[in-house]
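The chain contents come next:
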Amino acid sequence: MLNRLKSLLAAPPAVQPPSEALSTALLLLELASADFSSDDVELARVRSLLQARFALDAAALDALLVEARDKARSSVSLHQFVGTLNSSLDADGKRALITMLWEVAYADGRIDKYEEHLLRRLVDLLHIPMADYIRAREAVMAAAGGSEAGA
């Protein structure tokens, strides 16, 4: 009984911050579903971007995506994930991340207003200069051969 009481009163275990890979996966998945639909093209783009960025095999990629979906469902905020990325990425890393986010948003050939809203919010939270945001958008759209009015 005394041991049980001690364990109840003990300090909670330290919570590990999410990894860069998990944080990136979660943000990409959040963006893919920001328009309230999970388009297969966007999800395929998320998979290919994560595989290339973190050199994951299929099993590790699947596990990462399952964990990211679980964390997204149980989290009330993106701040812990953004915090991980702010502390682990330099300016070049953040430019690469915003490009990845734009690639997911534009994978279906259009930018939804909710996707753009989330992108702008993430740019602010990640302290990414607006010029980098615009350059990434233009580069992604030029590579896709399209343009999106108002985006």
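Everything numeric here is computed off the predicted structure, so don't read it as measured data.

Trainee: I tried to follow the overall build of the chain on my own but got confused; where do I start?
Mentor: Looking only at helices and strands, the chain features 8 helices and 0 strands. Reading the chain from its N terminus to its C terminus gives the helix and strand order α-α-α-α-α-α-α-α. Taken across its 151 residues, the chain has 38% of its residues classed as buried. Here the analysis covers contacts within the chain between residues at least 6 apart in sequence; of these, 74% occur between residues at least 24 apart. Taken as a whole, the chain presents about 8600 Å² of accessible surface, with 56% of it coming from carbon and sulfur.

Trainee: Mind showing me how you'd approach helix 4 (residues 58-74) here?
Mentor: With 17 residues, helix 4 should reach 24 Å at 1.5 Å per residue; the first-to-last C-alpha distance of 24 Å fits that figure. Every buried residue belonging to helix 4 is among Leu61, Leu64, Leu65 and Ala68, and all of these are buried. Seen from one end, helix 4 has its buried residues packed into an arc of 100°, which puts them on one side. Exposed and facing more than 90 degrees away from the buried side of helix 4 are Ala59, Arg73 and Ser74. Considering only its buried residues, helix 4 is in contact with helix 2 (20-32) and helix 3 (40-54). Capping the start of helix 4, aspartate 57 holds a side-chain oxygen 3.2 Å from the backbone nitrogen of alanine 59, two or three residues further along.

Trainee: Would you take a moment to explain the environment of glycine 109 for this structure?
Mentor: Relative to the helices and strands, glycine 109 resides in the loop between helix 6 (91-105) and helix 7 (113-125). In this structure glycine 109 comes out as partly exposed when scored by relative accessible area, which is 41%. C-alpha of glycine 109 to C-alpha of glycine 145: the two residues are 36 residues apart in sequence and 9.4 Å apart in space.

Trainee: I tried to follow unusual backbone geometry on my own but got confused; where do I start?
Mentor: Across the chain, the bulk of peptide bonds are trans and the bulk of non-glycine residues have phi less than zero. Phi is positive for alanine 55, which is not a glycine, with a value near 50°. Within the secondary structure layout, alanine 55 lies in the loop between helix 3 and helix 4. Its identity as a non-glycine residue notwithstanding, histidine 127 has a phi of 55°, on the positive side.

Conventions adopted
- Residues numbered from 1 in each chain as written.
- Predicted model: local features only at pLDDT ≥ 70, side-chain atom pairs only at ≥ 80, totals over all residues.
- Heavy atoms only, no water.
- Helix = DSSP H or I, 4+ residues; strand = E, 2+ residues; numbered from the N terminus.
- Buried < 20%, exposed > 50% of the residue type's maximum accessible area, 1.4 Å probe, protein only.
- Contact = heavy atoms within 4.5 Å.
- Areas by Shrake-Rupley, 256 points an atom, 1.4 Å probe, with all protein chains shown as cover.
- Expected span 1.5 Å × (residues − 1).
- Arc of directions from axis to C-beta.
- Polar contact = N/O pair within 3.5 Å; in protein donor to acceptor, adjacent residues only side chain to side chain.

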